[in-house]
Amino acid sequence: MSERVKQIVPELLDEIKGVLKKHKVTFAEYRSAFEYLIGVQEAKEVPLMLDALFNATIVEIENESRKGTRADIQGPYYIDEDYPIVTDELPSRPEDAGAQDMIIRGQVTDLDGTPVAGAMLDIWHSTPDGLYSGIHDNIDRKYYRGRVVTGENGHYCVTSKLPVPYQIPNAGPTGDLLEKHLGRHSWRPAHIHFWARAEGKRDLINQAYFEGGEYVGDDCCDTDHLELVVPEVIEDGARVMEVNFVLEPAQAQLAAE
Ligand code: DHB
Ligand code: FE
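None of the values given here were measured: they were computed from a predicted structure. Sequence order as written defines the numbering, with residues in each chain counted from 1. Going through the entries in the order they are written, you letter the chains from A and number the ligands from 1. In keeping with the model being predicted, local features are shown solely for residues with a pLDDT of at least 70 and side-chain atom pairs are shown and tallied solely at 80 or more, while totals for entire chains, interfaces and linings include all residues. As a convention, hydrogens and water are excluded, and side-chain values are obtained from all of the structure's heavy atoms.

Here we look at the overall build of the protein
Phase 1: Secondary structure elements follow DSSP: runs of H or I of four or more residues count as helices, runs of E of two or more count as strands, with numbering from the N terminus. On a plain count of helices and strands, the protein comes out with 5 helices and 12 strands.
Phase 2: Sorting the 257 residues of the protein into buried and exposed places 40% on the buried side.
Phase 3: Within the protein, counting contacts between residues at least 6 apart in sequence, those at least 24 apart form 71% of the total.
Phase 4: Each accessible area value is a Shrake-Rupley result obtained with a 1.4 Å probe; residue values ignore everything except the protein chains displayed when judging cover. In the structure as shown, the protein presents an accessible area of about 14300 Å², 54% of it carried by carbon and sulfur atoms.
Phase 5: Each charge class in the protein can be summarised by its mean position, and for the 25 positive and 45 negative side chains these summaries are 6 Å apart. Each residue gets one of three labels from its accessible area relative to the maximum for its type: buried under 20%, exposed over 50%, partly exposed in between, using a 1.4 Å probe on protein chains only. Residues count as neighbours in contact if any of their non-hydrogen atoms are within 4.5 Å of one another. The sign given to each residue is positive for Lys and Arg and negative for Asp and Glu; His and the chain ends receive no count. Throughout, a charge is located at the NZ atom of Lys, the CZ atom of Arg, the CG atom of Asp or the CD atom of Glu.

Written out as structure tokens, the structure is:
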């Protein structure tokens, strides 16, 4: 038996029981929560619901032990594959040729500000119409995904097309919970996902957001720390996303565990 489970689960149950008592929850209400959870299971939305409700909290906890750039939620659409190293542009769909251009660039440094050369950044984001390749609508998984490696001075630069706000699947019980029962919405601000890895450094998964963009600071997934909200800069018609990462040593990862 895990000591952590023994410690955490009884407390969790006591907290839930406390809320039930405080609000004098009836048997009928208890039954309707019961039916709701069966619906979540039947719609195969257990991962979606848990991620929407709790992933940001787990990230918050992780960030208490981070010294460099803060982490953010990974989201469900990372594809764990050896994507090719990109030196100029992330592959974009031919039909997106007219979409807004974007430049993603920045520098990776360590805690002292020393550039980290050879850091690998996995980058993935939605199409200009808010879908993820390899996941939605049979869009080829090669699009809007790739890896870049930082050069001698820790810099990287890649071009792509601008993503838009993303609506999590809202036709099922998770959408009902957010929209109908809680009066919230089911949107995430437009974002770019990153997974930074470098030798001797703690891995960092996070996201960059667009300053002034819709739903920034009002994310249905509750990512409220939003460290990387990038001011609007346009260069030759392209939206520039200047995203810098400070990576801490990997030892901190071990010490925290
Ligand atoms: C979800 C989708 C995302 O693109 C993301 O970054 C986080 C969550 C989702 O569908 O739950
Ligand atoms: Fe996403």
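A short note on a nonpolar patch on the surface
Phase 1: A residue counts toward a patch only above 30% relative accessible area and without a salt bridge, and it is joined to like-charged neighbours within 9 Å or, for Val, Leu, Ile, Met, Phe, Trp and Tyr, to nonpolar neighbours within 5 Å. Each reported salt bridge corresponds to a side-chain nitrogen of Lys or Arg within 4 Å of a carboxyl oxygen of Asp or Glu. Taken together, the side chains of Val5, Ile8, Val9, Leu12, Leu13, Ile16, Leu20, Val25, Phe27, Tyr30, Phe34 and Ile38 define a hydrophobic patch exposed on the protein surface, amounting to about 1000 Å² of accessible area.
Phase 2: You can see tyrosine 30 is positioned in helix H2 (residues 27–42).
Phase 3: Relative accessible area serves as the criterion here: at 44%, tyrosine 30 is assigned to the partly exposed category.

Concerning the site of ligand 1
Phase 1: Definition of nearness: a residue and a molecule or strand are near each other if at least one heavy atom of the residue lies within 4 Å of the molecule or strand. Looking at ligand 1, there are 14 residues lining it, with Tyr132, Tyr166, Arg188, His191 and His193 nearest.
Phase 2: Here a polar contact is recorded for every N or O atom pair within 3.5 Å, except that within protein the pair must consist of a potential hydrogen donor and a potential acceptor, and residues adjacent in sequence are included only if both atoms are side-chain atoms. Here an oxygen atom of ligand 1 sits 2.9 Å away from a polar atom, N or O, in the side chain of tyrosine 132.
Phase 3: Residue histidine 193 places a side-chain N or O atom 3.1 Å away from an oxygen atom belonging to ligand 1.
Phase 4: Protein chains shield 98% of the accessible area of ligand 1, which is 290 Å² for the free molecule.

A short note on the coordination of the iron ion (ligand 2)
Phase 1: Only N, O and S atoms count as donors, using a 2.8 Å limit from the metal and a wider 3.2 Å limit for Na, K and Ca, and since water is excluded some coordination spheres may look unfilled. At the metal site, the iron ion (ligand 2) is ligated by Tyr132 (OH), His191 (NE2) and His193 (NE2), and these contacts range over 2.0 to 2.1 Å.
Phase 2: If you list the donors of the iron ion (ligand 2) from N- to C-terminus, the spacing comes out as Y-x58-H-x1-H. On the criterion of sequence distance, the pair formed by tyrosine 132 in the loop between strand S2 (120–125) and strand S3 (145–149) and histidine 193 in strand S7 (residues 191–197) is long-range, its members being 61 residues apart. Pair check on accessibility: tyrosine 132 and histidine 193 agree, each one buried.

As for the pattern of salt bridges
Phase 1: Applying the stated criterion to the full structure yields 18 salt bridges.
Phase 2: A salt bridge links glutamate 235 to arginine 105; the nearest nitrogen and oxygen atoms lie 2.8 Å apart. Of this pair, glutamate 235 sits in strand S10 (residues 233–235) while arginine 105 sits in strand S1 (residues 101–110), placing them 130 residues apart in sequence.
Phase 3: Since its relative accessible area comes to 32%, glutamate 235 is described here as partly exposed.
Phase 4: Judged by relative accessible area, arginine 105 falls into the partly exposed class, the value being 22%.
Phase 5: For the salt bridge of arginine 105 with glutamate 242, the shortest nitrogen-to-oxygen distance reads 3.1 Å. Of this pair, arginine 105 sits in strand S1 while glutamate 242 sits in strand S11 (residues 238–242), and the two are 137 residues apart along the sequence.
Phase 6: Judged by its relative accessible area of 37%, glutamate 242 falls in the partly exposed class.

Here we look at H2
Phase 1: In this analysis, the expected span of each helix is defined as 1.5 Å times one less than the number of residues it contains. Here H2 is 16 residues long and its end C-alpha atoms lie 23 Å apart, about the 22 Å a rise of 1.5 Å per residue gives.
Phase 2: Of the residues one or two after H2, lysine 44 is the one with positive phi, at around 55°.

Observations concerning helix H3 (residues 46–63)
Phase 1: The terminal C-alpha atoms of H3, which comprises 18 residues, lie 25 Å apart, in line with the 26 Å expected from a rise of 1.5 Å per residue.
Phase 2: Note that the bend at a residue is defined as the angle between axes fitted to the seven residues ending at it and the seven residues starting at it. At phenylalanine 54, H3 shows its largest bend, some 50°.
Phase 3: Three or more residues of H3 are buried, namely Met49, Ala52, Asn55, Ala56, Val59 and Asn63.
Phase 4: Packing partners of the buried residues in H3 comprise H2 and helix H4 (173–181).

Some points on the pairing of S3
Side chains on a regular strand alternate between the two faces of the sheet.
Phase 1: Burial of S3 is extensive: 4 of the 5 residues sit out of reach of the surface.
Phase 2: In this structure, S2 lies alongside S3, joined through 5 bridges in antiparallel fashion. Bridge assignment links methionine 120 to a residue of S3, and that residue is valine 149. The rule for pairing is simple: two strands pair if DSSP sees at least two bridges between them.

Description of the environment of threonine 127
Phase 1: For threonine 127, the location among the structural elements is in the loop between S2 and S3.
Phase 2: C-alpha separation for the pair threonine 127 and valine 164, spaced 37 residues apart in sequence, amounts to 7.6 Å.

This is a description of form; function is not addressed.
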